[in-house]
Amino acid sequence: MKQLMIAEGYLLLVHILSTVFGLAGLLIVLPNPEIIISLPPVGQTAFQWSMAGGGATYIIFGALAVALYSMRNLGIGTTLAFMLPSVFLSLSSELLGTSTGFPFGDYAYLSGLGYKIAGLVPFTIPLSWFYMGLVCYLLARCSLQVKSSSSWLRHVGAIATGAMLLTAWDLVLDPAMSQAPFPFWTFQEEGSFFGMPYRNLLGWVGTGAIYMSVAAWFWRKKTISLSRQHLNLPLITYLVNFAFGATITVVALDARFLLPTCLSVVLGVIPAIALWWISPANQLSEVDMSLDNAMSDDQVKVPVTQVNMAVK
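Residues numbered from 1 in each chain as written. Predicted model: local features only at pLDDT ≥ 70, side-chain atom pairs only at ≥ 80, totals over all residues. Heavy atoms only, no water.

Explain the packing of helix α8 (residues 232-252) against helix α9 (residues 258-278) to me, and be specific about the residues and the numbers.
Between α8 and α9, the least distance of the axes is 11 Å, while the angle of their chain directions is 170 degrees. Between α8 and α9, the interaxial angle falls into the category roughly antiparallel. On α9, the residues that touch Asn232, Leu235, Tyr238, Leu239, Phe242, Ala246, Thr249 and Val250 of α8 are Leu258, Thr261, Ser264, Val265, Gly268, Val269, Ala272, Ile273 and Trp276. The class makeup of the residues in the contact of α8 with α9 is twelve nonpolar, five polar and no charged. (Axes fitted to C-alpha atoms, helices over the stretch in contact; angles between N-to-C directions. Helix = DSSP H or I, 4+ residues; strand = E, 2+ residues; numbered from the N terminus. Parallel < 35°, antiparallel > 145°, perpendicular 65-115°, else oblique. Contact = heavy atoms within 4.5 Å. Nonpolar A, V, L, I, M, F, W, Y, C, P; charged D, E, K, R; others polar.)

What follows is the structure, given as structure tokens:
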């Protein structure tokens, strides 16, 4: 388990550093081509590689960090029960959107995010839906203490809260990725909401709520209770990804984009921190299969009776 925690930490660190290098490249180096010219040939080649694969890199490492975190804390089966619906349903939604304009509006992906599935959607996009969706849903579900015996209203509340956090992130992501000087996708229509069509936001809420609902159905007989300490990685991941989009939006776009940035803070950042804060401060991680996971570690040989006594 310790090795998994170390690997998880390194993956998260690389994810964070990738966002920092990405911001430096997009906001400092590219707008000042003389910096690139002054680099030695090796530096210019490295910069070209980083610009070609940097967008995909930070998403891949974010997905790996969150996937490893989830497998360590929730188990492989529970992780797959969220990963598979989120990846396949979000990909279906994106393919439908880039083909027909529904549900996000008329848009198209440019280069910079990796190989495009069916020539339309970069393979990294469903990965971002997965890892950001999972951290949003975990913050909501664990902090609201949704258990296997909870009423359907509590389950719906967790799904709605998770979808709200996810959509709040898009309030800074979409302007940064579609309207900054170096975009990764573009809307082919002039939307009424800061260049984006309002149905783009509805598409985000709907897509997130749908795959979170499917995952919640798979998790319906599971009790997942993670303490504030166990929710550190989801919160850090959410804040880092918010900061990436918000920095580009505030620095590279005009002052009117401060409004969606503030909305993202109010609807996303503050609720995410609040959910993390209200989660139990000192509580053993409780997942249906957690005992089995612990017993599978060759270094942990604790009888079940001793575990029960320790909990009491």
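Give a detailed account of the nonpolar core, specifying residues and quantitative values.
Of all hydrophobic cores here, the largest spans 72 residues; its most connected members are Phe82, Leu166 and Trp219. When residues in this core are grouped by element, the largest group, twelve residues, is from helix α5 (residues 124-143). In contact with Leu166, not counting residues within four places along its chain, are Trp129, Met132, Gly133, Cys136, Trp204, Gly208, Tyr211 and Met212. (Core = buried A, V, L, I, M, F, W, Y, C linked by side-chain atoms within 4.5 Å. Buried < 20%, exposed > 50% of the residue type's maximum accessible area, 1.4 Å probe, protein only.)

Tell me about α9, residues and numbers included.
Here α9 contains 21 residues, and its C-alpha end-to-end distance of 28 Å stays within 8% of the 30 Å for a straight helix at 1.5 Å per residue. Of all the bends found along α9, the most pronounced is centred on Val265 and spans about 35 degrees. When we look at burial in α9, the residues that qualify are Pro260, Thr261, Ser264, Gly268, Val269, Pro271, Ala272, Leu275 and Trp276. Buried residues along α9 sit in contact with α5, α6 (152-178) and α8. (Expected span 1.5 Å × (residues − 1). Bend = angle between axes of the 7 residues up to and from the residue.)

Describe helix α7 (residues 198-218), naming the residues involved and giving the relevant values.
Look at α7: 31 Å from first C-alpha to last across 21 residues, which is about the 30 Å you get at 1.5 Å a residue. Three or more residues of α7 are buried, namely Asn200, Leu201, Gly203, Trp204, Thr207, Gly208, Tyr211, Met212, Ala215 and Ala216. Residues of α7 that are buried in the fold lie against α4 (76-100), α5, α6 and β4 (185-187).

Any details on the packing of aromatic side chains? Residues and values, ideally.
With the rule as written, the count across this model stands at 18 aromatic pairs. Arranged with centres 5.9 Å apart and planes meeting at 85 degrees, the rings of Phe104 and Tyr107 form a pair that is edge-to-face. Taking relative accessible area as the criterion, Phe104 reaches 2% and is therefore assigned buried. Its relative accessible area of 5% is what places Tyr107 among the buried residues. For the ring pair Phe104 and Trp129, a centre distance of 6.1 Å and an interplane angle of 45 degrees mean the geometry is tilted. Within this pair, whereas Phe104 is found in the loop between α4 and β1 (107-109), its partner Trp129 is found in helix α5, the two being separated by 25 residues in sequence. (Phe/Tyr/Trp six-rings, centres within 6.5 Å; stacked < 30°, edge-to-face > 60°.)

How would you explain the environment of Leu127 if you had to name every residue and give the values?
When you line up the elements, Leu127 lands in helix α5. Given a relative accessible area of 25%, Leu127 falls into the partly exposed group. Put simply, Leu127 and Ser90 are 37 residues apart on the chain and 9.1 Å apart in space, counted from C-alpha to C-alpha. Other than its neighbours up to four places away in sequence, Leu127 contacts Ile59, Ile60 and Ala63.

Tell me about the side chain of Thr167, and please be specific about residues and values.
Looking at the secondary structure, you find Thr167 in helix α6. Residue Thr167 is classed as buried on the basis of its relative accessible area of 10%. Polar side-chain contacts of Thr167 include one of 3.4 Å to the backbone nitrogen of Val205. In this structure Thr167 touches Leu201, Trp204 and Val205, once residues within four positions along its chain are discounted. (Polar contact = N/O pair within 3.5 Å; in protein donor to acceptor, adjacent residues only side chain to side chain.)

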